[in-house]
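Single-letter residue listing:
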Amino acid sequence: MTAPDPGDAAVAPDRPSPAVPPTSATSAASTTPASSLPRASGVLGPEHRALSVGIVSVVLLIAFEATAVGTAMPVAARELNGIPLYAFAFSAYFTTSLFAMVFSGQWADRSGPLAPLAAGIGAFGAGLLLSGTATAMWLFILGRAVQGVGGGLVIVALYVVVSRAYPERLRPAIMAGFAASWVIPSVVGPLASGTVTEHLGWRWVFIGIPVLVVPPLALALPAIRARASGPADTTAPAPAFDRHRIRLALAISLGAALLQYAGQDLRPLSLVPAAAGVACLVPAVLGLLPAGTWRAARGLPSVVLLRGVASGAFVAAESFVPLMLVTQRGLSPTMAGLSLALGGATWAFGSYVQSRPRLEPYRERLMAGGMVLVALAIVIAPTVLIAAVPVWVLAAGWGLGCLGMGAVISSTSVLLLKLSAPEEAGANSAALQISDGLSNVLLLAAGGAAFAALGGGAVGAHATTADAATGSHPAAFVAVFLPMAAVALAGVWVATRVRVPAR
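Keep in mind that this is a model prediction, so the values were computed, not measured.

1. Examining the overall build of the protein
A count of helices and strands for the protein gives 21 helices and 0 strands. Split into buried and exposed, the 503 residues of the protein put 60% on the buried side. When the accessible area of the protein is evaluated, it comes to approximately 17,900 Å², of which 71% is carbon and sulfur surface.

2. Some details on the pattern of salt bridges
This model, assessed by the stated rule, comprises 4 salt bridges. Among the ionic pairs, Arg 499 bridges to Glu 360, the shortest N-O distance being 3.5 Å. One end of the pair, Arg 499, is in the segment after α21 (474–495); the other, Glu 360, is in the loop between α15 (342–354) and α16 (363–380), with 139 residues separating them in the sequence. Within the structure, one salt-bridge network assembled from shared partners comprises Glu 360, Arg 363, Lys 418 and Arg 499.

3. Considerations on the packing of aromatic side chains
Describing an aromatic ring pair means giving the distance of the ring centres and the angle of the ring planes. In total, this model carries 10 aromatic pairs according to the counting rule given. With 5.8 Å between their ring centres and 75 degrees between their planes, Phe 314 and Trp 347 make a pair best called edge-to-face. Of this pair, Phe 314 sits in helix α12 (residues 300–318) while Trp 347 sits in helix α15, placing them 33 residues apart in sequence. Residue Phe 314 is classed as buried on the basis of its relative accessible area of 0%. Ring pairing ties together the aromatic residues Phe 99, Phe 103 and Trp 107, which thus form one cluster.

4. A few points about the side chain of Ser 410
Within the secondary structure, Ser 410 is located in helix α17 (residues 391–418). Residue Ser 410 is classed as buried on the basis of its relative accessible area of 0%.

5. Topic: helix α6 (residues 171–180)
By the criterion of burial, α6 is predominantly enclosed, with 7 of the 10 residues buried. Those residues of α6 not exposed but buried are Arg 171, Pro 172, Ile 174, Met 175, Ala 176, Phe 178 and Ala 179.

What counts, and where the lines are drawn
- Residues numbered from 1 in each chain as written.
- Predicted model: local features only at pLDDT ≥ 70, side-chain atom pairs only at ≥ 80, totals over all residues.
- Heavy atoms only, no water.
- Helix = DSSP H or I, 4+ residues; strand = E, 2+ residues; numbered from the N terminus.
- Buried < 20%, exposed > 50% of the residue type's maximum accessible area, 1.4 Å probe, protein only.
- Areas by Shrake-Rupley, 256 points an atom, 1.4 Å probe, with all protein chains shown as cover.
- Salt bridge = Lys/Arg side-chain N within 4 Å of Asp/Glu carboxyl O.
- Phe/Tyr/Trp six-rings, centres within 6.5 Å; stacked < 30°, edge-to-face > 60°.

Below is the structure:
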């Protein structure tokens, strides 16, 4: 489950700036009204209660979507004859969200997070309705793309809200609250989605979720208007939209889409869109991410890189878990979804652990240990392809992986805001989410290509349901999981470089 740990990807308007020493960020943050609150006040204290409940409700909506839709996805893809395009159903979301993240960062820095958050929730619901009424796989994927626009707008706006409305000492706690909001959806979401899918049809899963849009709007928007609306510096003129960065954002989305297409086409001619994708992607990534990201420079660049490594490896692997359990072990969609339910609780616990003040000096070690758990979980997952291995082994292993993800994802969010001045929170949050979303697209493309090349696409597309359940292409799943485990192990080293050396 990817926690878009808002949580579920900063920089100056022209180009990412070097990491700001913690003392500078702390000093800048101390000029905000939030830092003048009494030290005894917590995230549920009188000053923050309405806002905390509201924005956690927004994350709750995202969590229900991710857990419920992920459970229904294999059935939807099979009914629409779209299993060969299965990876596109996930990557389309991340591809369009890349552009929306950059636009949302500029929008929020310019006029506050309220407008992008409201627009994002609206687009999110519209995309669900489009997917739920789709009559062909390409329409289903288009709906996921619209959802991605909404998700990209929302997640960056939420980071800006946290940066402006909460003092630094409360940010780990609100990030832990975001993670905790995944617990109930992780248990209830797959069960409800599987039951609805089996008895009413997968379409009702998508059509029913937009009903949840109304409560977060009613709770979050008034509180944000009161505490975090408007530009960070009301005395300075509103900055203009940086058209160069917006063009780079379009290029990064187009490049990611072309690479995804090339990875699924698997013909010699696919080298043409692949080359075009690289030509779009490389300069755009260099222009939008902090300088030194790709060499894991210490501080902010490594924080941004680690977010991408952790999220990309985990999401690419998890996207194939329900499909593997349905097609290879013959589980129902309900049971396939419930096999991942433990992860919601362990993810929340990992996020809670990182929020403890006593562990702050050991955050780097905590993140490295978290990446070890993620790699271990991904290695364990394909063992259920062996009939003698019970499914609970995968469930337990995935719970460990989610524990690690909870510690890593929340920690990258906390460190990013610590290294960002208030007026850079939107752009820096966009950089973090770009790393997150782009790695999801690229690793899903790589995993999807390996899956299709080894015959995974034939499961369900050219076989009967009974044949699919027997699991005729287990190697296709192994080709997805093992490379992602290697990526996660690389994240262990990156985690050792997230702190700025003391001066």
